[in-house]
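# Architecture and fold: a report
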Amino acid sequence: MPRSLISRIGPRKSIAVLVSAGALATAGILPFVGPTNADAAPGESTIRCSNATLKGHYIFGANGTSVPPGGESIPISTGGLDYFDGKGGGTGIATFVVKDALVNDHTPITLSYSIKSDCSGKASFHLGDGSANFNVYADPSGASFVLVATDPGNVLAGTETRVSR
C-alpha cells in the first residue's frame, strides 16, 4: 500500500501542511477552486482580477510579531477599516497595539495596491513616514482578500472582508 503524502513528507512538514490547510479551510479559501471553463486549456484559469476587484470598505484584524534587528520578538495587533478605490489607492483608519501599549488609536492611513489578473498582488499601507508591505491574494469576487507581511522582521497575516461598496 503506498504511503500517504503526509507520511512521506515527515512529521515537522506534516504539521506545517496540516496547519496551513486548517487555516485555509477556516478562512474559506481551501474549498474554493474557482470557476471552470470547458474551453480553457489545461492548467489555464478562468479567474480574472484587476485593481477594480478591490473596491469598497473592508474591515480587518490581524495579530503577529515584529522582530527588530538583534531584538526579541514583540507581539503586535492591528484592526481597522480600509477603503479601496478600485484604481490602486485608498485610505483607512487603524489601531495598533505593540506589546502591551496602544501605539496608534484610530490613526488615518493611506494605501496603494496592485492586483494582477491571477488575483495575486501587492499592497502598501502608509502611516506618517513609515509603511508596511504585503503580498495580497484576492477572492475574484472582491468580497475578501488575504494579506501576508513581506517586510523583514514582521510576521503578520490577516484577512480583509468587504462590508460595503
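The structure this text deals with has already been given above.
Counting restarts for each chain: residues are numbered from 1 in the order of the written sequence. Only residues with pLDDT of at least 70 are given local features in this predicted model, and only at 80 or more are side-chain atom pairs given and counted; all residues enter the totals for whole chains, interfaces and linings. Excluding hydrogens and water, the side-chain values take into account all heavy atoms of the structure.

### Focus on the side chain of Glu-160
Each helix is a run of H or I in the DSSP string that is no shorter than four residues. Each strand is a run of E no shorter than two, and both are numbered from the N terminus. Relative to the helices and strands, Glu-160 resides in strand β8 (residues 154-164). Under the scheme applied here, a residue whose accessible area is under 20% of the maximum for its type counts as buried, over 50% as exposed, and between as partly exposed, the area being computed with a 1.4 Å probe on protein chains only. Positive charge is attributed to Lys and Arg, negative charge to Asp and Glu, and no charge count is given to His or to the chain ends. Criterion for a salt bridge: a side-chain nitrogen of Lys or Arg within 4 Å of a carboxyl oxygen of Asp or Glu. Nearest to the buried, unbridged Glu-160 among oppositely charged side chains is Arg-162, at 11 Å. Glu-160 has contacts with Tyr-58, Ile-59, Phe-60, Asp-82, Phe-84, Phe-125, Ala-143, Ser-144, Phe-145 and Leu-147, leaving out every residue within four places of it along the chain. Contacts between residues were defined by any pair of non-hydrogen atoms, one from each residue, lying within 4.5 Å.

### Observations concerning the sheet that holds strand β6 (residues 130-138)
The sheet built from 8 strands closes into a barrel, its strands ordered β1-β2-β3-β4-β5-β6-β7-β8 with antiparallel pairing. This sheet shows a mean twist of 25° between the axes of neighbouring strands, independent of strand direction. When DSSP finds two or more bridges between a pair of strands, those strands are recorded as paired. Across 10 bridges, the pairing between strand β1 (residues 55-66) and β8 is antiparallel. Among the inter-strand pairings, Ile-59 is bridged to a residue of β8, identified as Thr-161. All axes here are fitted lines through C-alpha atoms, helices being fitted over the stretch that makes contact, and every angle between N-to-C directions spans 0 to 180 degrees.

### Concerning the packing of aromatic side chains
Any two rings among Phe, Tyr and Trp, with Trp reduced to its six-membered ring, count as a pair given centres within 6.5 Å; such a pair is stacked if its planes are under 30 degrees apart, edge-to-face if over 60, and tilted if neither. For the structure shown, the criterion picks out 5 aromatic pairs. Taken together, a centroid distance of 5.3 Å and an interplanar angle of 65° make the contact between Tyr-58 and Phe-145 edge-to-face. Residue Tyr-58 is found in strand β1, and its partner Phe-145 is found in strand β7 (residues 144-149); the two are separated by 87 residues along the sequence. Classification of Tyr-58 by relative accessible area gives buried; the value is 0%. Given the relative accessible area of 1%, Phe-145 is considered buried.

### Comments concerning the layout of surface pockets
Grid points spaced at 1 Å and placed over the protein atoms alone form the basis of the search, with a cavity being a set where a 1.4 Å probe fits but cannot get out and a pocket an open set showing protein on both sides within 12 Å along at least five of seven lines. Lining residues have an atom within 4 Å of a point. Grid points are joined across faces, edges and corners, and a volume is the space filled by probe spheres set on the points. Approximately 630 Å³ is the volume attributed to the largest pocket. Taken together, 31 residues form the lining of the largest pocket, with Thr-78, Phe-96, Ala-132, Phe-134 and Leu-156 sitting closest to its centre. Of all the elements in the fold, those that place two or more residues in the lining of the largest pocket are β1, β2 (74-85), β3 (89-98), β4 (101-115), β5 (120-127), β6, β7 and β8. For the lining of the largest pocket, the element with the most residues is β8, which contributes 6 residues.

### Details of the pairing of β2
Pairing of β1 with β2 involves 12 bridges; the strand directions are antiparallel. Within the sheet, the bridge partner assigned to Gly-61 lies in β2 and is Gly-79. In this sheet, β3 lies alongside β2 in antiparallel orientation, the contact comprising 9 bridges. Of the residues in β3, the one forming a bridge with Gly-79 is Thr-95. What sits between the antiparallel neighbours β2 and β3 is a turn of 3 residues, in which Gly-86 has the positive phi angle 80°.

### Some points on the nonpolar core
One broad trend across soluble globular proteins is that nonpolar side chains are buried collectively. By size, the foremost hydrophobic cluster in this structure holds 21 residues, and its most contacted members are Leu-54, Phe-84, Tyr-113, Phe-125 and Phe-145. At the level of elements, β1, β2, β4, β5, β6 and β7 are the ones that each hand at least two residues to this core. The contact partners of Phe-84, leaving out residues within four places of it in the chain, are Leu-54, Lys-55, Gly-56, Tyr-58, Gly-89, Leu-111, Tyr-113, Phe-125, Phe-145 and Glu-160. We define the nonpolar core as a collection of buried residues of types Ala, Val, Leu, Ile, Met, Phe, Trp, Tyr and Cys that are connected through side-chain atoms lying within 4.5 Å of one another.

### Let's talk about the state of the cysteines
Note that a disulfide, as used here, is simply two cysteine sulfur atoms within 2.5 Å. Taken as a whole, this structure holds 1 disulfide when the rule is applied. Shown here is the disulfide that connects Cys-49 with Cys-119, its sulfur atoms set 1.9 Å apart. Disulfide Cys-49 to Cys-119: torsion about the S-S bond roughly 80°, handedness right-handed. Taken together, the residues span a long stretch of sequence, with Cys-49 in the loop between α2 (11-27) and β1 and Cys-119 in the loop between β4 and β5 at a distance of 70 residues. For the pair Cys-49 and Cys-119, one class covers both residues: buried.

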